[in-house]
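Chain residues, written in single-letter form:
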Amino acid sequence: MKKLFVIIGILLVIFLGMVIYKNTTSNTSVTIEEVEKIENYISKIYMWKEITNIALPTFENINNADDLWIWEVVKKNSEEYEMSYEQIEEKAKSLFGQNFNKKFPKEGTAEFIFDEESNMYIATEVNLDLEEDTFLLNHIEKKNNQYIVEVIEYLEDYSSEENIIIKNTDEEEIARVSSEKTEVEIKEIVKNSLDRFKKKKVYLNEKDIIVEKIENI
């Protein structure tokens, strides 16, 4: 029986990968594995608007991105709550690439408070609301050593005990679905109302899959 559950789990992962691939690209040069890596990376940098004011900001260059968003992304992806200055800088480079040249403030930030006794930076607590800021990959194009990824932004509101309320980022209700609906089914509902959601283009370095630029569509 245990082996059966493992097989079912593997088949489900394969199925979800095929669904994502089918729905995001008509370009045969982009593989399922690339789509999964791209989605995983964007998940790392996609934040919560109640924390950073906007889940995914726009910028022409990563070094021009909002400081609050930058350091909250670093905190979100840090395995430790207590980090040295060098660890914070190293984590930022791993997320934003070697061309990222913003320096973490020595005195600390609201995201990482400096503790003089330990000479370490302590990550502050994150308090989230009942709305999950999320996205779906709508299209991926590979061009000029970049992935140009079109993302659709939406909210999943869990304030109702009976339903998941799907909203756009202007807080307009688009649909209500059963709490038993899967993520794939919710994404299909979003794709059927694309004109009611905001879209962004995320430009990723093809080699390292690191964000370079984000723009509104």
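See above for the structure.
Residues numbered from 1 in each chain as written. Predicted model: local features only at pLDDT ≥ 70, side-chain atom pairs only at ≥ 80, totals over all residues. Heavy atoms only, no water.

## Considerations on the sheet that holds strand 3 (residues 120-123)
Each strand in a sheet pairs with another by means of backbone hydrogen bonds, the pair being arranged parallel or else antiparallel.
And then number 1: Strands sit in the order 1-3-2 across an open sheet of 3 strands; the sheet is antiparallel. This sheet does not close on itself; its edge strands, each paired only once, are strand 1 (82-83) and strand 2 (112-115).
And then number 2: With 4 bridges connecting them, strand 2 and strand 3 associate as antiparallel partners. Bridge pairing in strand 3 links Asp115 to Met120. (Pairing = 2+ DSSP bridges. Helix = DSSP H or I, 4+ residues; strand = E, 2+ residues; numbered from the N terminus.)

## Things to note about the side chain of Asn138
And then number 1: By secondary structure assignment, the location of Asn138 is in strand 4 (residues 131-143).
And then number 2: Judged by its relative accessible area of 15%, Asn138 falls in the buried class.
And then number 3: Here Glu150 takes part through its side chain, which lies 2.6 Å from a polar atom of the side chain of Asn138. (Buried < 20%, exposed > 50% of the residue type's maximum accessible area, 1.4 Å probe, protein only. Polar contact = N/O pair within 3.5 Å; in protein donor to acceptor, adjacent residues only side chain to side chain.)

## Notes on the pairing of strand 8 (residues 199-205)
And then number 1: Inspection of the sheet shows strand 5 (residues 146-157) paired to strand 8 by 7 bridges, in the antiparallel sense. Across the sheet, Ile148 pairs through a bridge with Tyr203, a residue of strand 8.
And then number 2: Bridging between strand 8 and strand 9 (residues 211-216) involves 5 bridges; their strand directions are antiparallel. When the sheet's bridge partners are listed, Lys200 is paired in strand 9 with Asn216.
And then number 3: Between the antiparallel neighbours strand 8 and strand 9 lie 5 residues, among them Ile209 with a positive phi of about 50°.

## Structural notes on the pattern of salt bridges
And then number 1: In the structure shown here, the tally under the stated rule is 14 salt bridges.
And then number 2: Note that Glu89 is salt-bridged to Lys103, the shortest N-O span being 3.5 Å. Remark: Lys103 occurs in the loop between helix 5 (85-96) and strand 2 and Glu89 occurs in helix 5; sequence separation between them is 14 residues.
And then number 3: A salt bridge links Glu153 to Lys200, with the shortest nitrogen-to-oxygen separation between them at 2.6 Å. With Glu153 in strand 5 and Lys200 in strand 8, this residue pair connects regions lying 47 residues apart in the sequence.
And then number 4: Looking at Glu153, the relative accessible area reads 3%, which means it is buried.
And then number 5: Each of the salt bridges in this network shares a partner with another, and the network as a whole consists of Lys49, Glu131, Asp157, Lys167 and Glu171. (Salt bridge = Lys/Arg side-chain N within 4 Å of Asp/Glu carboxyl O.)

No statement about biological role is implied by the geometric values presented.
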